[in-house]
Amino acid sequence: GTVFKPDTATSANPSPAVVFVPGFQRSKESHYDIALEIARRGMVCFIIDPYNQGDSSATMNTSASSSEGGAYGAIPMVNYLYDTNNINYIDKNSIHIVGHSAGGNSTLTAGVYFSNLAGGVFENCKVKSIYVSGYIRNIIDVEYSLDGSGDYLKDENGYYVFDSIDWEGSKVANLAINVGFGYCKDDEGAWQNINFTGDISRPDSIESLALITSGGVHTELRKTGLEEGKVYGQPSNGTMKVGYQENTLHGVQPFDVTATSHILYYLDYVTMANSSVSPNNQIWYWKQFFQSIIMIGLF
């Protein structure tokens, strides 16, 4: 892993800690941009190579993203930060996980793991929030209503009708912490999500609603749908939930200014850091620009 540590983070002034988990076949270097921006806002970012990727070792578990496999390494990373005395410049009561793509799935896994470990009590949880970038699928089961022809039934607005929705059996039902997520409207979920679209604001966007009502809060939204970008609940008691819709593609989501600003706003809000640096004040693309020049020069 690599640590992005602002000068303001000291033992006398410990800062919030963010563990960032890259996606499938991505190394930590591919997400240095967001790590840089997180550190610019006074938070310490620990960005890791997931198991089986980059410089990290393999894991003997058949699924590196499962809790038994360490959630790509997020679980042992959080445990180390929370339990060790070696890292004295972070606030152990303000540890957060962010992940993109498969790293987002692992972030969900880690969030559920630590919620269960704390017995569903927010104050006892080692992790206070998670942010999932580009992965909300395969987390809840439904039974579709069928019409006379055996096709999926839709209402007059074109939304799917369901016979049953397993809210309590959802993978994320026990998330007793703050949750944020960003989803690409253009390509994500078009074939794998329950309503075959990445639009999180539809009342039949069941995956989005499962996340926004996780922990048994804001359940009234299951009837109405969520409002994109609206913050529900409070970060101080683990009830803060928010979902963002980004008009970009999954592969370039980590390099999208708007998607990055959503993560930065969320982290600033949930950590109550009150950073003076606006979420839209980003410099990472200059880093990419000069690295491109260097690469051309090398060739």
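Here goes a summary of the coordinates provided. (Residues numbered from 1 in each chain as written. Predicted model: local features only at pLDDT ≥ 70, side-chain atom pairs only at ≥ 80, totals over all residues. Heavy atoms only, no water.)

### Topic: the packing of helix α2 (residues 74–83) against helix α3 (residues 102–117)
Consideration 1: In the contact formed by α2 and α3, the axes pass within 9 Å of each other and the chain directions differ by 50 degrees. As summarised for this structure, α2 and α3 are arranged oblique, according to the angle between their axes. Contacts from Ala 74, Ile 75, Val 78 and Asn 79 of α2 reach α3 at Ala 110, Tyr 113 and Phe 114.
Consideration 2: Counted by class, the contact of α2 with α3 contains 6 nonpolar, 1 polar and no charged residues. (Axes fitted to C-alpha atoms, helices over the stretch in contact; angles between N-to-C directions. Helix = DSSP H or I, 4+ residues; strand = E, 2+ residues; numbered from the N terminus. Parallel < 35°, antiparallel > 145°, perpendicular 65-115°, else oblique. Contact = heavy atoms within 4.5 Å. Nonpolar A, V, L, I, M, F, W, Y, C, P; charged D, E, K, R; others polar.)

### Quick word on the side chain of Glu 188
Consideration 1: Mapped onto the elements of the fold, Glu 188 is located in the loop between β8 (178–184) and α4 (206–212).
Consideration 2: Of the buried charged residues, Glu 188 lacks a salt bridge, with Arg 137 as the closest side chain of opposite charge at 5.3 Å.
Consideration 3: Within polar-contact distance, the side chain of Glu 188 engages the side chain of His 250 at 2.3 Å.
Consideration 4: With residues up to four places along the chain from it excluded, the contact list for Glu 188 reads Gly 134, Arg 137, Gly 182, Tyr 183, Thr 197, Gly 198, His 250 and Gln 253. (Buried < 20%, exposed > 50% of the residue type's maximum accessible area, 1.4 Å probe, protein only. Lys, Arg positive; Asp, Glu negative; His and termini not counted. Salt bridge = Lys/Arg side-chain N within 4 Å of Asp/Glu carboxyl O. Polar contact = N/O pair within 3.5 Å; in protein donor to acceptor, adjacent residues only side chain to side chain.)

### As for the environment of Ala 273
Consideration 1: Mapped onto the secondary structure, Ala 273 falls in the loop between α6 (257–271) and α7 (284–298).
Consideration 2: Sequence separation between Ala 273 and Gly 148 is 125 residues, and the spatial gap between their C-alpha atoms is 55 Å.

### Brief notes about the packing of helix α1 (residues 32–40) against α7
Consideration 1: At a closest axis distance of 9 Å, the pairing of α1 and α7 adopts a crossing angle of 140 degrees. Classed by the angle they form, the pair α1 and α7 counts as oblique. With respect to the hand of their crossing, α1 and α7 are arranged in right-handed fashion. Of the residues in α7, those touching α1 at Tyr 32, Asp 33, Leu 36 and Glu 37 are Trp 284, Lys 287 and Gln 288.
Consideration 2: Per-class residue counts for the contact of α1 with α7 are 3 nonpolar, 1 polar and 3 charged. (Left-handed = near helix turned anticlockwise from the far one by under 90°.)

### Brief notes about the pairing of strand β4 (residues 90–100)
Consideration 1: For β4, the tally of buried residues reaches 8 of 11 residues, placing the bulk of the element in the interior.
Consideration 2: As paired elements, β4 and strand β5 (residues 129–133) share 5 bridges and run parallel to each other. Paired with Ile 97 across the two strands is Ile 130, which belongs to β5.
Consideration 3: Considered for its hand, the β-α-β crossover made up of β4, α3 and β5 is right-handed. (Pairing = 2+ DSSP bridges. Right-handed = clockwise from strand over helix to strand, strands pointing away.)

### A look at α2
Consideration 1: Among the residues of α2, those classed as buried are Ala 74, Ile 75, Met 77, Val 78 and Leu 81. Buried residues in α2, looked at end-on, bunch into an arc of 165 degrees, giving them a common side. (Arc of directions from axis to C-beta.)

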